[in-house]
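Residues per chain are reported as follows:
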Amino acid sequence: MRVSVVQVDAGLAGAANRLSWLETQVRQAAQKNVDLVVFPELYSSGYNVGDAVHRCAEPQDGPFAKRIQTLAKDLGVAVAYGYPERDGTQVYNSVKFIDDRGRSLANHRKTVLPPGHEQDWFTVGCGFSLFRFGGALVAMVICYECEFPEIVRSVVLGGADVVLVATAGGKDWEQVPKFIIPARAYENGVFMVYANYCGVENGHGFCGLSCIVDPSGSDLARAGKAEAVITADLKLDLISKARAQVPFLRHQKEVLSKLSEPKSDCT
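Residues numbered from 1 in each chain as written. Predicted model: local features only at pLDDT ≥ 70, side-chain atom pairs only at ≥ 80, totals over all residues. Heavy atoms only, no water.

Trainee: It is not clear to me how the nonpolar core should be interpreted in this structure. Could you clarify?
Mentor: Formed by 33 residues in total, the largest nonpolar core has its most connected members in L22, F39, Y43, I68, Y81 and Y197. Among the elements of the structure, β1 (2-9), α1 (15-31), α3 (63-75), β3 (78-87) and β4 (90-98) are those that each provide at least two residues to this core. If you look at the next biggest cluster of nonpolar residues, it comprises 30 residues, including F133, M140, A166 and A223. (Core = buried A, V, L, I, M, F, W, Y, C linked by side-chain atoms within 4.5 Å. Buried < 20%, exposed > 50% of the residue type's maximum accessible area, 1.4 Å probe, protein only. Helix = DSSP H or I, 4+ residues; strand = E, 2+ residues; numbered from the N terminus.)

See the structure below:
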């Protein structure tokens, strides 16, 4: 599976401009035989846009999604992107996956909202789903969720080979792409694909450093702090090799059972 991550300059304003720019990136990806292009959290609206995030909210099959479905089908390239999802009176921070045939394969609603304005803007989602694409089982998480080892471990125990992270990582949170994402890949033997913003949006800075990390925790591709597109081939046979070398998943039940034993019963 060939995957590209588009690290977006957060200053790109307006849904129409963002859709146009997405189309340009996906067309360029198609020319390079890319299978999947991943965009950041709340891509369609922007992240630090105040009440505009609600004005830009649309249902799962809204105009933004329909345009991407047509584009994906025409070009044979899958697209994952973040957007504010309206469902009745509720608005969720969501990420959507549209495959290379224009089908909507998954829609994930952020389950853990960090302290700050997200708690005022969004309703909390629930659950995680896995879906098959390009011979792999794929899971999607959004920003803060990837910082919980339990969440990534849960989707991997469910079978995930690849975890896509749509994020809006701030300028003071470089430790997440630098350390946490490689650690999640290493401790689970899974590919991590992390799509972030760079630049400044309405006074809020982003750290960039989007990355694609293999199951041993090594970078396959990494952006700096400027707008960039990074691409890597995900060789799925690396997953079994990494998990054989570092068998955390196999030993997890044993470790948990030991932790639950009274100390006097341990030797």
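Trainee: What am I meant to see in unusual backbone geometry here?
Mentor: Excluding glycine, most residues fall at negative phi; most peptide bonds, likewise, are trans. Even without being a glycine, L42 presents a positive backbone phi close to 50°. Within the secondary structure layout, L42 lies in the loop between β2 (36-38) and α2 (52-55). The exposure class of L42 is buried, given its relative accessible area of 0%. With a phi angle near 50°, N202 is a residue other than glycine that sits in the positive phi range. What makes N202 exposed here is its relative accessible area of 62%.

Trainee: Would you explain the packing of helix α5 (residues 149-157) against helix α6 (residues 175-188) in this entry?
Mentor: Packed helix pairs are specified by the crossing angle of their axes together with the interaxial distance, meaning the distance between the axes. In the contact formed by α5 and α6, the axes pass within 10 Å of each other and the chain directions differ by 40°. The pairing of α5 with α6 is recorded here as oblique in orientation. At the point where α5 passes α6, the crossing takes the right-handed sense. On α6, the residues touching P149, V152, R153 and V156 of α5 are R184, E187 and N188. (Axes fitted to C-alpha atoms, helices over the stretch in contact; angles between N-to-C directions. Parallel < 35°, antiparallel > 145°, perpendicular 65-115°, else oblique. Left-handed = near helix turned anticlockwise from the far one by under 90°. Contact = heavy atoms within 4.5 Å.)

Trainee: Please clarify how the pairing of strand β6 (residues 130-133) should be interpreted in this entry.
Mentor: Along a regular strand, successive side chains alternate from one face of the sheet to the other. Burial along β6 is one-sided: F131 and F133 are buried, and none of L130 and R132, which face the opposite way, are. Bridging between β6 and strand β7 (residues 136-142) involves 4 bridges; their strand directions are antiparallel. What sits directly across from R132, in β7, is L137. Taking the residues between adjacent antiparallel strands as the criterion, β6 and β7 are bridged by 2 residues, where G134 takes a positive phi near 60°. (Pairing = 2+ DSSP bridges.)

Trainee: What is the right way to read the side chain of S94 from this model?
Mentor: If you trace the backbone, S94 turns up in strand β4. On the accessibility criterion, S94 (1% relative accessible area) is buried. There is a polar contact of 2.7 Å between the side chain of S94 and the side chain of E85. Apart from residues no more than four positions distant in its own chain, S94 is found in contact with Y81, G82, Y83, E85, N107, H108, R109 and I142. (Polar contact = N/O pair within 3.5 Å; in protein donor to acceptor, adjacent residues only side chain to side chain.)

Trainee: Help me understand the sheet that holds strand β9 (residues 191-195), please; the structure alone is not making it clear to me.
Mentor: Within a sheet, neighbouring strands are paired by backbone hydrogen bonds and run either parallel or antiparallel to one another. Within the open sheet, the 6 strands sit side by side as β6-β7-β8-β9-β12-β13. Their pairing is mixed. The outermost strands of the open sheet, each flanked by one partner alone, are β6 and β13 (219-222). Here the average twist between neighbouring strands, direction ignored, is 20°. Sheet topology note: the strand β12 (residues 211-213)/β13 ladder contains 3 bridges and is antiparallel. When the bridges of β13 are listed, V213 appears paired with D219.

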